[in-house]
Amino acid sequence: MTLYTVSQLEKDLFAAADILRGRMDASQYREVLSAMLLLKRVSDQPGILQVPDRARWSQIVGYVGKAPGRVLNEALWELEKSNPETLKGVFEAVDFDVRLSRGEAKSLIDHFDRIPLANDDLDFGDTVGRAYDYLLGAFADSAGKRGGEFFTPRSVVQLMVRLVRPREGQSVYDPFAGSGGMLVQAGQYVDEQGGEGSGLALFGQEKNAATCATARLNLLLHGFTDCSVLCGDTLSDPLHSLEDGYLRRFDRVLTNPPFSMNYSEKEMKHTERMKYGWAPEQGKKADLMNVQHVLATLRPDGIGAVVTPHGVLFRGGAEKQIRQGIVEDGRLEAVIGIGPNVFHGTAIPACILVLRGADATAADQRGQVLFINAEREVVTGRSQNRLEPQNVEKIVGVFREWADIPGFSRVVPQAKIADNDFNLNIGLYVDAGPPAEPPLDVRAALFGGVPRREVEDKIKKFQVFGIGLTDLFETRDLTYLDFPSDGYEATAARIPAFAAARERDFIDRCHSWWWGAESRIAELAGTHRLLMLRSRLMSSFCEELLPTEILDRYQLTGVFAAWWADRRDDLRALDLQGFPGVIERWAVSDSRPPHLPASTAGPRVLISFGHDISSRVEKLVASERQGLVDLYRSWGDRYGNSFTDLERQSEATAERLRARLRELGYT
């Protein structure tokens with residue numbers, strides 16, 4: 001049987017949106033489509049919710065004598081009545097009779113009737129949730145600035161979850177939950193680590209009622225039913241409290257609060273949260289108040305990650321006092337800048353603060369803060385920049401290794417931060433700009449030659465490709481080199497040939513690694529344990545290729561992470577259904593029946609996987625080699641023509657002109 005894929009469901013949901021587009025704005029038809037999707041899903045797949053007869057899809061499709069909008073309303077009301085703890089208030093704003101014409105309601109019913117949503121029809125158990133989440137992202141794109149109020153880009157969410165690493169059995173809280181993406185991804189992360197994401201205790205709060213309903217539905221469609229997402233203003237009245245009235249505390253807190261909001265101290269409950277002080281009530285400076293709420297709701301050994309605008313890092317006055325208290329108490333672990341235009345509806349750059357519970361800082365990290373300037377770790381998009389898997393992998397890798405990387409990260413002692421008056425502006429500690437070119441050597445510019453010191457600073461890059469100094473230059477004296485007699489452009493054109501042998505060796509090593517990796521992948525096909533192989537495969541990939549020094553650790557982990565992310569659904573199909581399941585997925589995407597016999601499915605899949613990662617490596621190596629060509633040409637641009645050379649050329653040109661004039665009879 002051909003299984004229904006995430007991409008197919010995404011297309012069908014967009015087709016359903018087309019039925020409504022133009023009649024209402026995106027936020028309204030988001031609610032309509034959400035309700036339709038839930039009605040069909042819970043009816044097709046028993047056990048998700050209690051489904052009374054009047055809410056069953058067969059009753060909706062078989063309506064007689066009633067307006068279809070009325071039938072949908074009754075089904076939704078009955079479903080909510082039967083599941084009050086899960087659905088109370090989720091669809092109170094949805095009225096099919098008011099929002100849809102009779103024809104539109106009938107078209108929607110007919111459209112969803114053709115979509116199979118039982119688990120046995122779907123390629124993965126989370127297919128419905130993933131397609132719904134993709135739809136939310138599309139709604140956020142179309143909503144502009146308002147989209148950022150309910151949707152955090154999923155790459156940012158994945159980064160934050162990997163920074164705090166929730167574990168099975170822990171509690172996870174998002175005090176500004178939006179559409180619930182942080183909580184969903186926390187559960188998925190635990191699943192991918194071999195645990196049970198459903199074993200997390202998930203809590204959230206969201207001020208906007210419609211968005212709160214979306215979050216609860218998003219969690220439900222992802223299979224998370226044991227959750228508590230409440231509606232209310234978290235800053236003024238946090239609702240997750242214990243029987244004794246104290247606020248509940250959590251193992252992990254993940255959140256992206258609204259940026260630059262005002263607040264009222266008079267209206268605030270649980271003022272004990274604001275241990276480090278009060279930011280100005282006006283002027284849209286509530287950001288550090290939200291940060292303090294996160295700190296107050298962390299367990300002593302808890303970890304939190306919160307998105308903030310960069311202003312919280314350097315604004316003075318009361319905000320400086322708040323920062324000082326947080327730093328001096330050792331509650332700030334890391335500041336990660338992720339560049340501009342990543343979030344929906346705003347082009348301003350943002351940062352992630354990694355926060356610790358009162359007793360959570362590791363002994364070797366006390367008194368220090370890690371700064372990561374990842375503003376260049378984004379891929380530029382047409383309307384919005386984005387973090388790709390390789391960008392996330394580098395940030396997470398540096399964070400876990402607590403590493404100093406010039407131009408990217410730096411571990412800074414508290415004393416240094418105090419010297420800067422507790423200004424946390426990332427640029428004070430890590431300059432991510434391109435390195436400055438060395439000053440022009442005036443002697444070389446006047447009389448020719450290339451300064452040996454400039455070349456020796458960079459020659460290691462050429463040597464790892466098997467290119468020596470004598471391949472590129474001739475010796476002039478102890479201080480200067482010369483370009484070969486046929487010129488620097490001719491030598492630059494020979495660099496790919498010089499590098500070819502080392503490149504072939506590197507690619508052969510990649511193939512050799514894959515021959516070992518594919519046997520391990522084949523052993524775990526169909527065992528439901530394949531996805532746990534990721535970290536071991538990545539480690540062996542780096543161990544095999546890192547000694548050549550052609551690519552560094554972060555380039556290698558990045559290319560592996562990008563390959564794994566793009567192949568994730570194929571790997572999941574392999575994990576659950578074996579090699580024939582992957583072939584079936586490919587056939588569905590190509591709109592044709594699978595044609596390979598089971599005996600040849602394995603080799604075909606493994607060849608495709610191996611070719612994919614090898615081609616990615618080859619492209620990255622080619623890019624590094626082109627970087628050598630560009631570097632060599634930059635020396636040519638600086639020193640290829642000295643003032644003396646130009647003077648000689650000028651004199652030669654003038655002499656030719658004088659000779660021609662004499663030939664013409666001019667003296």
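About the cut-offs
- Here the residue numbering is sequential within each chain, running from 1 through the sequence in written order.
- With the structure being a predicted model, the display of local features is reserved for residues of pLDDT at least 70 and the display and counting of side-chain atom pairs for 80 or more, all residues being used for whole-chain, interface and lining totals.
- Heavy atoms throughout the structure, all of them, feed into the side-chain values; hydrogens and water do not.
- Under the scheme used here, helices are H or I runs from DSSP no shorter than 4 residues and strands are E runs no shorter than 2 residues, and both carry numbers assigned from the N terminus.
- Remark: exposure states derive from per-residue accessible area (1.4 Å probe, protein chains only) relative to the maximum for the residue type, with buried under 20%, exposed over 50%, and partly exposed in between.
- Method for areas: the Shrake-Rupley scheme with a 1.4 Å probe, in which residue coverage is limited to the protein chains shown.
- Positive charges are assigned to Lys and Arg, negative charges to Asp and Glu, while His and the chain termini are left out of the count.
- All charge positions are set by atom: Lys at NZ, Arg at CZ, Asp at CG, Glu at CD.
- Residues enter patches when their relative accessible area tops 30% and they take part in no salt bridge; the joining distance is 9 Å for like charges and 5 Å for the nonpolar side chains Val, Leu, Ile, Met, Phe, Trp and Tyr.
- Think of a salt bridge as a Lys or Arg side-chain nitrogen and an Asp or Glu carboxyl oxygen that are within 4 Å of each other.
- For a helix, the expected span equals 1.5 Å multiplied by the number of residues minus one.
- Throughout this description, a polar contact denotes any pair of N or O atoms lying within 3.5 Å of each other; where both atoms belong to protein, one of them has to be capable of donating a hydrogen while the other can accept it, and for residues adjacent in sequence the pair is counted only when both atoms sit in side chains.
- To define a nonpolar core, start from buried Ala, Val, Leu, Ile, Met, Phe, Trp, Tyr and Cys residues and group those joined through side-chain atoms within 4.5 Å.
- Contacts are assigned to residue pairs that have any heavy atoms within 4.5 Å of one another.
- A pair of strands counts as paired when DSSP detects no fewer than two bridges linking them.
- Comment: axis = line fitted to C-alpha atoms, over the contacting stretch for helices; angle = value between 0 and 180 degrees taken between N-to-C directions.
- Angles below 35 degrees are treated as roughly parallel, those above 145 as roughly antiparallel, those between 65 and 115 as roughly perpendicular, and all remaining angles as oblique.
- Crossing handedness follows the turn of the near helix against the far one: under a right angle anticlockwise gives a left-handed crossing, and clockwise gives a right-handed one.
- Orient the strands so they point away from the viewer; a crossover is then right-handed if the path from the first strand over the helix to the second runs clockwise.
- Classification of ring pairs uses Phe, Tyr and Trp, with its six-membered ring standing for Trp, and accepts pairs whose centres are within 6.5 Å; under 30 degrees between planes counts as stacked, over 60 as edge-to-face, and the remaining range as tilted.
- Two conditions define a charge sitting above a ring: the NZ of Lys or the CZ of Arg must be within 6 Å of the ring centre, and it must be within 35 degrees of the ring normal.

> Which residues make up the overall build of the protein, and what values go with them?
Scanning the protein from terminus to terminus reveals 26 helices and 12 strands. Projected onto the principal axes, the alpha-carbon positions of the protein cover approximately 110 × 70 × 60 Å. Across the 667 residues in the protein, those meeting the buried criterion constitute 52%. Summed over its atoms, the accessible surface of the protein is roughly 30,300 Å², and 49% of this surface lies on carbon and sulfur atoms. Computed over 80 positive and 93 negative side-chain charges, the inter-centroid distance for the protein is 2 Å.

> Tell me about a nonpolar patch on the surface, and please be specific about residues and values.
A cluster of nonpolar side chains, namely V442, L446 and F447, defines an oily patch on the protein surface of about 290 Å² accessible area. The topology assignment puts F447 in helix 17 (residues 442-447).

> So what's going on with helix 11 (residues 209-221)? Residues and values would help.
Along its 13 residues, helix 11 runs 18 Å from first to last C-alpha, staying within 8% of the 18 Å computed at 1.5 Å per residue. Of all 13 residues making up helix 11, 10 are buried, and the element is well covered by its neighbours. Buried within helix 11 we find T211, C212, A213, T214, A215, L217, N218, L219, L220 and L221. Among the residues of helix 11, the N-terminal cap falls to N208, whose side-chain oxygen and the backbone nitrogen of A210 are separated by 3.0 Å. Looking one or two residues beyond helix 11, the residue adopting positive phi is G223, at roughly 90°.

> Report on the nonpolar core, specifying residues and quantitative values.
F462, F473, F506, W514, F541, F560 and Y632 are the most contacted members of the largest nonpolar core, which totals 62 residues. Broken down by secondary-structure element, the contributors of at least two residues to this core are helix 18 (452-463), strand 12 (480-482), helix 20 (488-524), helix 21 (534-545), helix 22 (553-566), helix 23 (568-577), helix 24 (579-589) and helix 25 (598-639). F506 has contacts with L545, T548, I550, L551, L556, V617 and V621, leaving out every residue within four places of it along the chain. One finds L13, A16, F96 and L117 within the second-largest nonpolar core, a separate group that totals 50 residues.

> Describe the sheet that holds strand 12, with residues and values.
Spatially, 3 strands are ordered 10-12-11 in an open sheet, and the strand pairing comes out antiparallel. The strands lining the two open edges of the sheet, one partner per strand, are strand 10 (450-451) and strand 11 (474-475). Summarising the sheet, strand 11 and strand 12 pair through 2 bridges and their orientation is antiparallel. Within strand 12, the residue paired with T475 across the bridge is L481.

> An account of the packing of helix 20 against helix 21 is requested, with residue identities and associated values reported.
Between helix 20 and helix 21, whose axes approach to 9 Å, the crossing angle comes to 155°. By the angle between their directions, the pair helix 20 and helix 21 is classed as roughly antiparallel. For the pair helix 20 and helix 21, the crossing hand works out as right-handed. For the pair helix 20 and helix 21, contact is made by F506, R509, C510, W513, A517, R520 and I521 and by R536, L537, S540, F541, E544 and L545, respectively.

> Help me get a handle on the pattern of salt bridges, residues and values and all.
If you walk through the whole model with that rule in mind, you get 41 salt bridges. One salt bridge connects R585 with D123, and the closest N-O pair in it is separated by 3.1 Å. Of the two residues, R585 is situated in helix 24 and D123 in the loop between helix 7 (102-113) and helix 8 (127-143); the sequence distance between them amounts to 462 residues. Here R162 and E393 are joined by a salt bridge, their closest N and O atoms 3.0 Å apart.

> Could you give me a rundown of the pairing of strand 2 (residues 201-206), with the residues and numbers involved?
For strand 2, the buried fraction is high: 5 of the 6 residues fall into the buried class. Where strand 1 (residues 171-174) lies against strand 2, 4 bridges are found, and the strand directions are parallel. Bridge pairing links D174 to G204 in strand 2. Pairing of strand 2 with strand 3 (residues 227-231) involves 5 bridges; the strand directions are parallel. Each residue of the ladder has a partner; that of E206, found in strand 3, is C231.

> Account for the pairing of strand 5 (residues 298-309), with residues named and values stated.
Among the 12 residues in strand 5, 9 count as buried, and that is most of the element. In this sheet, strand 5 lies alongside strand 4 (residues 250-255) in parallel orientation, the contact comprising 5 bridges. What sits directly across from R252, in strand 5, is I303. In terms of handedness, the path from strand 4 via helix 12 (residues 287-296) over to strand 5 forms a crossover that is right-handed. Here 7 bridges tie strand 5 to strand 7 (residues 350-356), and the two strands are oriented antiparallel to one another.

> Would you mind going over the packing of aromatic side chains in detail, with residue names and values included?
Taken as a whole, this structure holds 22 aromatic pairs when the rule is applied. Their ring planes at 50° and their centres at 5.4 Å tell us that F473 and Y632 sit as a pair that is tilted. Here the residue F473 occupies a position in the loop between helix 19 (469-472) and strand 11, and Y632 occupies one in helix 25, the gap between them amounting to 159 residues. For F473, a relative accessible area of 5% puts it in the buried group. Relative accessible area serves as the criterion here: at 0%, Y632 is assigned to the buried category. Grouping aromatic residues by their ring pairs yields a cluster made of W513, W514, F541, F560, W563, W564 and F609. If you follow K394 out to its NZ or CZ, it ends over the ring of F408, 4.3 Å from the centre.

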